[in-house]
Structure formats: C-alpha cells, structure tokens
Amino acid sequence: MDLRRDGALTRAANRDPDPTYLGNQLPRLPLANGTFTAALAPLDPLPWQLGADLTVDAGTWADTANFARWPARALLGLTASVSDRRRRITAAIDLRNALDTLSRRVARDPLVDDGVRVPVPLVDYVGYPLPGRTVTVSVRLQGAGR
C-alpha cells in the first residue's frame, strides 16, 4: 500500500492601505488545503491498481472585504486501472467527487449566527459551481519498443 499526503498553508494578506481591506485574506485563496492518497498495486497475475484520494480545502473568501465566505469542502476520488502482462495496454476508470457533494450547509447570516443553516453550492476558486460525480474512462496503448 502506498500512502501520500501533501498540503499547503497560504496566508496571503491584502496590503491595501484602505482599512476595509488591510490585512484581509486575499479572495479565492484557501488558508489551508491538502490531499491524502492511498493506492494498492499488487502485480500478480495482472498489473492492477486501486486508489482513493481525499482533497480538503478550507473555506475561501469571495470578496476583498472578507464578507462573503465560500464554505470548506472535502471531495473523495476513486481510481482503478488494469494492464496486460506486458503493460502495453492499460485501461483506467477515474471517479471524481464520488460522494456527489454539491453543497454545504452554512449560517444564513454571516454576521449573526441565528442558528438557521442554509445550503450553499460548493464552488471552485473562481466561483463556478463544482460538477457533481464525474467519471472518465481511458485506454492507453504503448508501442512494442526496442
């Protein structure tokens, strides 16, 4: 079993002299993010591999005033591949957002938490809604070589 993890902490502060923005986190940059990956790859009788990855991103600000906050997200991905004995043909399937996570429940009012939670769509770093469950299938052919 192969286990990997990586992550980043990014404190990107706004240096604008306007007190509304000074010191605020820059929008669309998460303070923290990380990926955890596990893969299983036995080689007998056919080379195959199974894997899973979990990507976690902290919430990000949508604006420079740090008023509108996009929620944190955790997305699960699954992969599987198999090759012939000579590894000339490899077929793979990749499932992104395996749990079909499209929204998070957050406080209705970002300034006063009145206990009411509402669903908010999960978005990418630019603000576009994340796609739901996505499946890709690929086949790779390699030459015989010399």
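Up top is the structure these notes are about.
Sequence positions are assigned chain by chain, starting from 1 and proceeding in written order. The predicted nature of this model means local features are confined to residues of pLDDT at least 70 and side-chain atom pairs, given and counted, to a pLDDT of 80 or more, with totals for whole chains, interfaces and linings taken over all residues. Calculated side-chain values reflect all of the structure's heavy atoms, with hydrogen atoms and water omitted.

Enquirer: Even after reading the chapter, I still don't get the side chain of threonine 60, so can you show me in this structure?
Expert: Its place among the elements puts threonine 60 in strand S4 (residues 60–61). Apart from residues lying up to four places away in sequence, threonine 60 is in contact with Arg28, Leu29, Pro30, Ala68, Arg69, Trp70 and Tyr125. A run of H or I in DSSP becomes a helix once it reaches four residues, and a run of E becomes a strand once it reaches two; helices and strands are each numbered from the N terminus. By the convention used here, residues are in contact when the closest approach between their heavy atoms is within 4.5 Å.

Enquirer: Could you clarify how one ought to interpret the environment of leucine 95 in this entry?
Expert: Relative to the helices and strands, leucine 95 is located in strand S7 (residues 89–96). Through-space distance from the C-alpha of leucine 95 to that of leucine 76 is 8.6 Å; in sequence the pair is 19 residues apart. Sequence-distant contacts of leucine 95, defined by excluding residues within four places in its chain, comprise Leu76, Gly77, Leu78, Arg133, Thr134 and Val135.

Enquirer: Mind showing me how you'd approach the packing of aromatic side chains here?
Expert: The geometry of an aromatic ring pair is captured by two quantities: the separation of the ring centres and the angle between the planes. Note on ring pairs: Phe, Tyr and Trp rings are taken, using the six-membered ring of Trp, and paired if centres are within 6.5 Å. Classes follow the plane angle, with under 30 degrees stacked, over 60 edge-to-face and the rest tilted. Inspection of the entire model under this criterion finds zero aromatic pairs. Over the face of the ring belonging to tryptophan 61 we find arginine 69, whose NZ or CZ atom lies 4.7 Å from the ring centre. By definition, being over a ring means that NZ of Lys or CZ of Arg is both within 6 Å of the ring centre and within 35 degrees of the ring normal. In this structure, arginine 73 is placed above the aromatic ring of tyrosine 125, and the distance from its NZ or CZ to the ring centre is 5.0 Å.

Enquirer: How do you make sense of the environment of threonine 20 when you look at a structure like this?
Expert: Summarising the element assignment, threonine 20 is placed in the loop between strand S1 (2–9) and strand S2 (32–40). Sequence separation of threonine 20 and leucine 78 is 58 residues, and the distance between their C-alpha atoms is 43 Å.

Enquirer: Just checking my understanding: could you explain the side chain of threonine 90 for this structure?
Expert: Tracing the backbone shows threonine 90 in strand S7. We define a polar contact as two N or O atoms separated by no more than 3.5 Å, with the added condition that, inside protein, one atom must be a possible hydrogen donor and the other a possible acceptor, whereas residues neighbouring each other in sequence contribute only through side-chain atom pairs. Side chain to side chain, threonine 90 and serine 83 meet in a polar contact 2.8 Å long. Dropping the residues within four chain positions of it, threonine 90 is found in contact with Ser81, Val82, Ser83, Ser138, Val139 and Arg140.

Enquirer: I'm lost on the sheet that holds S2 in this one. Help?
Expert: Adjacent strands of a sheet form backbone hydrogen bonds with each other and so pair up, either parallel or antiparallel. Between any two strands, at least two bridges found by DSSP are needed for them to pair. Sheet architecture is open: six strands sit in the order S1-S2-S3-S6-S7-S10, paired in antiparallel fashion. Both edges of this open sheet fall to S1 and strand S10 (134–141), since each of them pairs with a single strand only. Neighbour to neighbour, the strand axes of the sheet diverge by 15 degrees on average, direction disregarded. Strand direction decides the pairing type here: S2 and strand S3 (residues 48–57), joined by eight bridges, are antiparallel. Residue pairing in the sheet places alanine 39 in a bridge with glycine 51 of S3. Fitted lines through C-alpha atoms serve as axes, helices being fitted only where they are in contact, and the angles separating the N-to-C directions of these axes extend from 0 to 180 degrees.

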